[in-house]
Amino acid sequence: MAATLKASMQGLRQVDYARRYKGWLKSSSEWCEAASTSAATLKRFWRRLPVRSQTFIAICEAVEVPWQEVVVAPLSDSSQDSSQDSGQDSGQDSSQDSGQEGAIAHPETLSSGISSANPASGTLDFFAYDEAWVGRDALLAQLSEQLQQSCRLLVLLGITGIGKTALGERIAICLYPQWTGPEWQNLLRENLDNDRQPNDFISVASRWWEQWGSPIEGPKDGQVLVDRTANYLLNRPLLLMIDSLEMMLQGNEDDGWSDFRDPLWADFFEALLAAPVCQSRIILTSQDFPGQLPARYSNFWTCEFLGGLNESEQLALFAKAHLNLTRDCQSYLKRIGTAYEGHPLALRVIAGEISNAPFSGNVRAYWHKYGQDIEEVETAIAQAKMGQTASAEDRWQLHECTRLLRMKVRDRLEQTFLRLKREAPAAYLLLCEASVYRCPVAESFWLSHLEDWDYLESDRQLALDVLRDRYLVEEVTEGDRLLLRQHNLIRSVALSHLQALDLEDGELPSGFSH
């Protein structure tokens, strides 16, 4: 064996996938510790510079990739591989070393006709999954196994910021390379939250066919396009990921509140589920349950509601931000995590605020500045346990107590509330009115608020069903009773909306008959 070794381009791709699977940066401290090396040596490894043989092997073994599959073959070291050194590799490293940790290298366009997500740079960017990912290991294994077997379509559900997109992207790594292609060329993504692009089926499918290298010219027949697009996915192992599915859902009191705005989407998904065989896999993320997925094909699709991170996962998230986890600091961080019910986006924002100026990692200083907002939540919960179950006077500020929380959490939650107010006004009113409850209560308590507004019993129940479909109400079991509650972040926003409602002007929300 030579005294030094260097990596091949193909070897680096294997290592890149493997380190992402572990959630490691290219020079993360975990990798340095596992390989008994330094960040500087890892950077040499990624630049394909010679590294001591023993260290090279340790770097590969740390991510469980055989070093023999990574090292440059002796015969190619001075020929083919040297040309890669001066061309493709140098351009790639210059971007990756600059901190673009969300990118996986792959050719711009492969023979399948599916182009990369970013042809100009030849990279595929993850929207949400990154090195700060923690937890959900059991769920990840369960859902990945289902998709590798008979499940064709997975719907990830939950409130905004709960980690649906990140989990979907993490699952995509588990499906590599069978459904993504060895160079990720078979991954197709659609972000419906982009309001600059129409989301009707003909428009979206037309964009897909352009990416597949077969643009559709002239007038387009919707049903023909549904059949053609479905057949393409049925007969090829592709991974289709659609984010923010709720943007294409709508409803009314007669037909339900979670139907596709464009009925061609329902036809498309049914075609994928009804076929005897489907080689592709589909991952959808949504705040609302898509009610038109056909129940008779339930063996081929599944839904998963995401809750918050548990306590150990919360601490792991704070550790990734390099926060001090002494017993004293852990106590504050656990209280923060409990108040936010493990909401990943909110906790990541808070971890970043603590890490950076002016707190610079000082957990106690952060608590002294904002801890009163957490204590107010703790007080309300304690009072609820002592019998004070309701209060419209609570002034929770979980969603906006800091500037970054206002920017990154409040605004997303406000979009959810505004969409609810626009599409289902009575459900919006119910959500605001029920925010007075500090703890889980019986369904009849919630419905009584709309009774005061003279809504019919059927309309009251329909409003509650809307909240269930949008996961803005949570069901919990205490003893033999099924009770309803709001996530602390949802209640924080709902209380602010309740305070803003002018309940004395006599104007009832429209949207249901009453």
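So, how was this worked out
- Residues numbered from 1 in each chain as written.
- Predicted model: local features only at pLDDT ≥ 70, side-chain atom pairs only at ≥ 80, totals over all residues.
- Heavy atoms only, no water.
- Helix = DSSP H or I, 4+ residues; strand = E, 2+ residues; numbered from the N terminus.
- Buried < 20%, exposed > 50% of the residue type's maximum accessible area, 1.4 Å probe, protein only.
- Contact = heavy atoms within 4.5 Å.
- Areas by Shrake-Rupley, 256 points an atom, 1.4 Å probe, with all protein chains shown as cover.
- Pairing = 2+ DSSP bridges.
- Axes fitted to C-alpha atoms, helices over the stretch in contact; angles between N-to-C directions.
- Phe/Tyr/Trp six-rings, centres within 6.5 Å; stacked < 30°, edge-to-face > 60°.
- Lys NZ or Arg CZ within 6 Å of the ring centre and 35° of its normal.
- Left-handed = near helix turned anticlockwise from the far one by under 90°.
- 1 Å grid on protein atoms, 1.4 Å probe; cavity = no way out; pocket = protein on both sides within 12 Å on 5 of 7 lines; lining within 4 Å.
- Points joined across faces, edges and corners; volume = space filled by probe spheres on them.
- Expected span 1.5 Å × (residues − 1).
- pLDDT = per-residue confidence, 0-100.

**Student:** Which parts of the structure should I look at to understand the overall build of the protein chain?
**Tutor:** For the protein chain, the count of helices and strands is 20 helices and 14 strands. Residues counted as buried form 51% of the 514 residues belonging to the protein chain. In the protein chain, once contacts between residues fewer than 6 apart in sequence are set aside, the share between residues at least 24 apart is 72%. Only carbon and sulfur atoms are counted for the fraction: they give 48% of the accessible area of the protein chain, which is about 22,900 Å².

**Student:** How should I be thinking about the sheet that holds strand E7 (residues 239–243) in this particular structure?
**Tutor:** Within a sheet, each strand pairs with its neighbour through backbone hydrogen bonds, oriented either parallel or antiparallel. A sheet is described by the order of its strands in space; here 5 strands give the open sequence E6-E7-E10-E5-E11, paired in parallel fashion. Bordering the open sheet on either side are strand E6 (187–191) and strand E11 (301–305), each of which pairs with just one other strand. Shown here is a sheet whose adjacent strand axes are inclined to one another by a mean of 15 degrees, direction ignored. Relative to E11, strand E5 (residues 153–157) is paired through 5 bridges, and the arrangement is parallel.

**Student:** Could you clarify how one ought to interpret helix H9 (residues 201–211) in this entry?
**Tutor:** At 3.6 residues per turn, the α-helix brings residues three or four places apart onto the same side. Residues of H9 that are buried: Phe201, Val204, Ala205, Ser206, Arg207, Trp208 and Trp209. The inward-facing, buried residues of H9 abut E6, helix H10 (222–234), E7 and helix H11 (263–274). Backbone geometry just after H9 places Gly213 at a positive phi near 85 degrees.

**Student:** How should the packing of aromatic side chains be read in this particular structure?
**Tutor:** Aromatic rings in a pair are described by how distant their centres are and how their planes are angled relative to each other. For the structure on display, the rule yields 28 aromatic pairs. Relative to Trp265, the ring of Trp208 lies with its centre 6.1 Å away and its plane at 75 degrees, an arrangement referred to as edge-to-face. In this pair, Trp208 sits in helix H9 while Trp265 sits in helix H11, placing the two residues 57 residues apart along the sequence. Each member of the aromatic cluster is reached from another via a ring pair, and the members are Phe201, Trp208, Trp209, Trp212, Tyr232, Phe260, Trp265, Phe268 and Phe269. Directly above the ring of Trp46 sits Lys26, whose terminal nitrogen or CZ lies 4.5 Å from the centroid.

**Student:** I keep staring at the pairing of strand E13 (residues 474–478) and nothing clicks. Help me out?
**Tutor:** Every other side chain in a regular strand lies on the same face of the sheet, so the side chains alternate between the two faces. As paired elements, E13 and strand E14 (residues 481–485) share 5 bridges and run antiparallel to each other. The residue bridging Val476 from the neighbouring strand is Leu483, located in E14.

**Student:** What is the right way to read the packing of helix H12 (residues 311–320) against helix H13 (residues 327–339) from this model?
**Tutor:** Two measures define how a pair of helices packs: the angle their axes make with one another and the distance between the axes. Orientation of H12 relative to H13, taken along the N-to-C sense of each, is 115 degrees, at an axis distance of 10 Å. H13 is crossed by H12, and the crossing has right-handed handedness. Across the interface between the two elements, Glu311, Gln314, Leu315 and Phe318 from H12 touch Gln330, Leu333, Lys334, Gly337 and Thr338 from H13.

**Student:** Help me understand the layout of surface pockets, please; the structure alone is not making it clear to me.
**Tutor:** If you roll a probe as big as a water molecule over the atoms, it shows you where there is empty space left. In this structure, the largest pocket occupies an estimated 1,100 Å³ of space. If you trace the largest pocket, you find 41 residues lining it, with Thr160, Gly161, Thr165, Ser244 and Arg412 closest to the centre. Mapped onto the lining of the largest pocket, the elements with two or more residues apiece are helix H8 (164–174), strand E10 (281–286), helix H14 (344–355) and helix H16 (403–423). At 5 residues, the largest contribution of residues to the lining of the largest pocket is made by H16.

**Student:** I keep staring at the pairing of E14 and nothing clicks. Help me out?
**Tutor:** Pairing of strand E12 (residues 441–442) with E14, which is carried by 2 bridges, proceeds in the antiparallel orientation. Bridging across to E14, Ala442 finds its partner in Leu483. As consecutive antiparallel partners, E13 and E14 are separated by 2 residues, and within that stretch Gly479 has a phi angle of approximately 65 degrees, a positive value.

**Student:** Whenever I open this one, H14 confuses me. Can you help?
**Tutor:** Between its terminal C-alpha atoms H14 stretches 16 Å, which fits the 16 Å expected from 12 residues at 1.5 Å a residue. Judged by how many residues are buried, H14 sits mostly within the fold: 9 of 12 residues are covered. Turning to H14, its buried residues are Pro344, Leu345, Ala346, Leu347, Val349, Ile350, Ala351, Glu353 and Ile354. On its buried side, H14 packs onto H12, H13, helix H15 (363–385), H16 and helix H20 (488–500).

**Student:** I tried to follow the confidence of the model for the protein chain on my own but got confused; where do I start?
**Tutor:** Should the pLDDT be low somewhere, the predicted coordinates at that spot are not to be read in detail. The predicted model of the protein chain has a mean per-residue pLDDT of 85, with 86% of residues at 70 or higher. Low pLDDT (under 50) marks residues 503–514, which in the prediction has 31 contacts with non-local residues, meaning those over four places away or in another chain.

**Student:** What am I meant to see in the sheet that holds E12 here?
**Tutor:** Across the sheet, 3 strands lie side by side as E12-E14-E13; this open sheet has antiparallel pairing. Pairing within the sheet leaves two strands with one partner each, and these edge strands are E12 and E13.

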